[in-house]
Amino acid sequence: MTVTGSALRPSPAPRSADEERRLAAVDRYQILDTPPDGTFDKGAALAARIFRTPAAAITTADGYHLGTVNVLDTRPRQVTAEQLAALQNLAALVMDQLEMRLSAIRTVTAERQMRTAAERLARTLQRTLLPPALPQVPGLRAAAAYHAASADEVGGDFYDLFPLDDGRWAFFLGDVCGRGAEAAALTSLTRYTLRAAAIYGPDPCAVLANLDTVLKGEYPGTDPRHCTAVFGVLGRTEDGSFTLTLAGGGHPPASAVRADGTIQPLPVTGGQLIGLLPEPRFTQTSTHLAPGDALLLYTDGLTEARTPSGPMRQEEGLAAHLAAGTWDDADDLVAGIRRLLDHLGTGVNDDTALLALSVPIHPPAPAQETR
């Protein structure tokens, strides 16, 4: 017969009901799972002085308390009623401290759970405000991204790309005022209004004017809601390039990245905020995208981000960044801007939406939708 080592070890003695309750209390107060507390060390030192029992703390070089060295009596001593009362008071103080720690642990745990739930809700709601995927446009590459500055709050940046009835394509990108649920409602209204207005009449300035009318109708009185936006229409020509008409309302200028590396801002000077002014003015500009060219649209979270040295990047800083790089297509351009945002880290204090369109030098092979 073979006897294993585990068979030779005695079985642990069954725990009494009192011991089970004691261990349950230890688990409930998480005494063994929390770092040392100076309050308990001070209580033990005070008890040692009351009973005139020498005690010394065992402390590591970095200040971590491992325990204490105590000198105990070898013969019974007479304990006075005053000493017993003092010891009971100390025990009550320790119990109060344990209750405070338990309350703090529960509060922190509840706040962490609430924050996690808020972040999950914000991510879900944010996804509903953006297109799940950009459509595949013949002869064009398209890419988009959304960089959230806050994990638990919904932003108001938006973008979209969609076909028109006449074979052309429309796109827009913008930013509504505010954050949270109100901004989400305004973003939803803005996106669907722009799409509907473009189907009704795709003139870029007219589309922005229709949005202005809708916002004023939905938010009249002393608490108006406004946004900035860029709206454009693309038309493909026989030589594979695209004509581009772009209108803006209070939004940062788009940037054309030409095939030779030149960065050309496309300002729509004079375009005013949408939904705020009595009679706003919207302006437009036209250009073309030849094979090898790209167009970048962005919200002001990018140009208002602070560099490690402090100043805002603004449009000039973005143009310098674009000119210093080599961008193969829209995907590469968006990926490069996302790396820049990641590098800026806490310098980015507002959400940033990106939309890039590029005309390949060679006709693109069939591909999946860009997400």
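Further up the page is the structure itself.
Values in this document were obtained by computation on a predicted structure and should not be read as measured data.

S.K.: What is the right way to look at the overall build of the protein chain in this model?
M.R.: Secondary structure assignment for the protein chain yields nine helices and 12 strands. Buried residues in the protein chain amount to 38% of all 371 residues. Of the contacts made within the protein chain by residues no fewer than 6 positions apart, 68% connect residues no fewer than 24 positions apart. By element, 55% of the accessible surface of the protein chain is carried by carbon and sulfur atoms, the whole surface being about 21100 Å².

S.K.: What should I look at first to understand the nonpolar core in this one?
M.R.: Generally speaking, nonpolar side chains in soluble globular proteins are found buried as a group. Among the nonpolar cores identified, the biggest contains 27 residues, and L161, F171, L234, L295, L297, L355 and L357 are the most heavily contacted of them. Of all the secondary-structure elements, those providing two or more residues to this core are β3 (141–147), β4 (157–163), β5 (169–176), β6 (227–236), β7 (242–249), β8 (254–257), β11 (294–298) and β12 (352–358). Apart from residues lying up to four places away in sequence, L357 is in contact with L140, R141, A142, L161, F171, L234, D293, A294, L295 and A330. Among the nonpolar cores identified, the runner-up in size contains 23 residues, and L194, C205, L211 and L215 belong to it.

S.K.: Help me understand the packing of helix α5 (residues 180–200) against helix α6 (residues 204–218), please; the structure alone is not making it clear to me.
M.R.: In helix packing, the relevant descriptors are the interaxial angle and the interaxial distance, both defined with respect to the helix axes. Contact geometry for α5 and α6: axes closest at 9 Å, N-to-C directions at 140°. One way to sum up the angle between α5 and α6 is to call them oblique. Helix-helix and strand crossings are classified by hand; for α5 and α6 the assignment is right-handed. Here L186, L189, T190, T193, L194, A197 and A198 of α5 come into contact with α6, specifically with V207, L208, N210, L211, V214, L215 and E218. Class assignment for the residues of the contact of α5 with α6 results in 10 nonpolar, three polar and one charged.

S.K.: Is there a simple way to explain the pairing of β5 in this structure?
M.R.: Residues in a regular strand point their side chains to alternate faces of the sheet. Within β5, eight of the eight residues are buried, which leaves the element mostly enclosed by the surrounding structure. The alternating pattern of β5 places W169, F171, L173 and D175 on one face and A170, F172, G174 and V176 on the opposite face, and all of these are buried. Counting the residues that bridge the hairpin from β4 to β5 gives five residues, and of these G167 lies at a positive phi of roughly 95°. Direction of pairing for β5 relative to β6: antiparallel, over a ladder of eight bridges. From the neighbouring strand, L173 faces β6, where its bridge partner is V230.

S.K.: Is there a simple way to explain the sheet that holds β3 in this structure?
M.R.: The strands making up a sheet associate through hydrogen bonds between their backbones, and the pairing can be parallel or antiparallel. The strand order across the open sheet formed by five strands is β3-β12-β11-β8-β9, and the pairing between neighbours is antiparallel. Of all strands in the sheet, those with a lone pairing partner are β3 and β9 (263–266), marking the two edges. Sheet twist, expressed as the average angle between the axes of neighbouring strands with direction ignored, equals 20°. In this structure, β8 lies alongside β11, joined through three bridges in antiparallel fashion. Looking across to β11, one finds that A256 is bridged to L295. Packed onto the sheet, helix α9 (residues 330–344) meets β3, β8, β11 and β12 and runs at close to 15° relative to β3.

S.K.: What should I look at first to understand the packing of helix α8 (residues 314–323) against α9 in this one?
M.R.: Packing of α8 against α9 brings their axes to within 11 Å, and their N-to-C directions diverge by 125°. The orientation of α8 relative to α9 falls into the category oblique. Crossing hand, α8 versus α9: right-handed. Contacts between α8 and α9 involve L318, H321 and L322 from the former and L333, G336, I337 and L340 from the latter. Split into classes, the residues belonging to the contact of α8 with α9 amount to five nonpolar, two polar and no charged.

S.K.: I keep staring at the packing of aromatic side chains and nothing clicks. Help me out?
M.R.: The relation between two aromatic rings is expressed through the spacing of the ring centres and the mutual angle of the planes. In this structure the tally under the stated criterion is three aromatic pairs. Aromatic side chains F162 and F172 sit 6.0 Å apart centroid to centroid with 65° between the ring planes, which places their arrangement in the edge-to-face category. Pair noted here: F162 is in strand β4 and F172 is in strand β5, with a separation of 10 residues, a long-range link. Both residues of the pair, F162 and F172, belong to the buried class.

S.K.: Explain the sheet that holds β5 here, please?
M.R.: Spatially, the five strands line up as an open sheet ordered β4-β5-β6-β7-β10, and their pairing is antiparallel. Either end of the sheet is taken by a strand with one partner, and the two such strands are β4 and β10 (283–289). Pairwise comparison of adjacent strand axes, ignoring direction, gives a mean angle of 15° for this sheet. By the bridge criterion, seven bridges tie β4 to β5 in an arrangement that is antiparallel. The residue bridging P163 from the neighbouring strand is W169, located in β5. α5 rests against β4, β5 and β6 of the sheet, and its axis sits at about 25° to β4. Along the sheet face, α6 touches β6, β7 and β10 and points at about 150° away from the line of β6.

Cut-offs used in this document
- Position numbers for residues start from 1 in each chain and track the written sequence from start to end.
- This being a predicted model, a pLDDT of at least 70 is required before a residue's local features are given, and a value of 80 or more before pairs of side-chain atoms are given or counted; all residues contribute to the totals for chains, interfaces and linings.
- Excluded from the side-chain calculation are hydrogens and water; included are all heavy atoms of the structure.
- Per the convention used, a helix needs a DSSP run of H or I reaching at least four residues, while a strand needs a run of E reaching at least two, with both numbered from the N terminus.
- Using a 1.4 Å probe on the protein chains alone, a residue whose accessible area is under 20% of its type maximum counts as buried, one over 50% counts as exposed, and one in between counts as partly exposed.
- Working rule for contacts: check all heavy atoms of both residues, and any pair within 4.5 Å makes them a contact.
- Areas reported here follow the Shrake-Rupley algorithm with a probe of radius 1.4 Å; residue values treat only the protein chains shown as occluding.
- Nonpolar cores were defined as sets of buried Ala, Val, Leu, Ile, Met, Phe, Trp, Tyr and Cys residues, with membership established by side-chain atoms within 4.5 Å.
- Axis lines are fitted to C-alpha atoms, over the contacting stretch for helices. Their N-to-C directions set the angle, which ranges from 0 to 180 degrees.
- The labels follow the angle: roughly parallel below 35 degrees, roughly antiparallel above 145, roughly perpendicular from 65 to 115, and oblique for the rest.
- Two helices crossing with the near one rotated counterclockwise from the far one by less than a right angle form a left-handed crossing, whereas a clockwise rotation gives a right-handed crossing.
- As a working rule, the residues Ala, Val, Leu, Ile, Met, Phe, Trp, Tyr, Cys and Pro are called nonpolar, Asp, Glu, Lys and Arg charged, and the rest polar, with Gly in that last group.
- Whether two strands pair comes down to DSSP finding at least two bridges between them.
- Stacked, tilted and edge-to-face are the three classes assigned to paired rings of Phe, Tyr and Trp, where Trp is represented by its six-membered ring and a pair needs centres within 6.5 Å; plane angles under 30 degrees give stacked, over 60 edge-to-face, the rest tilted.

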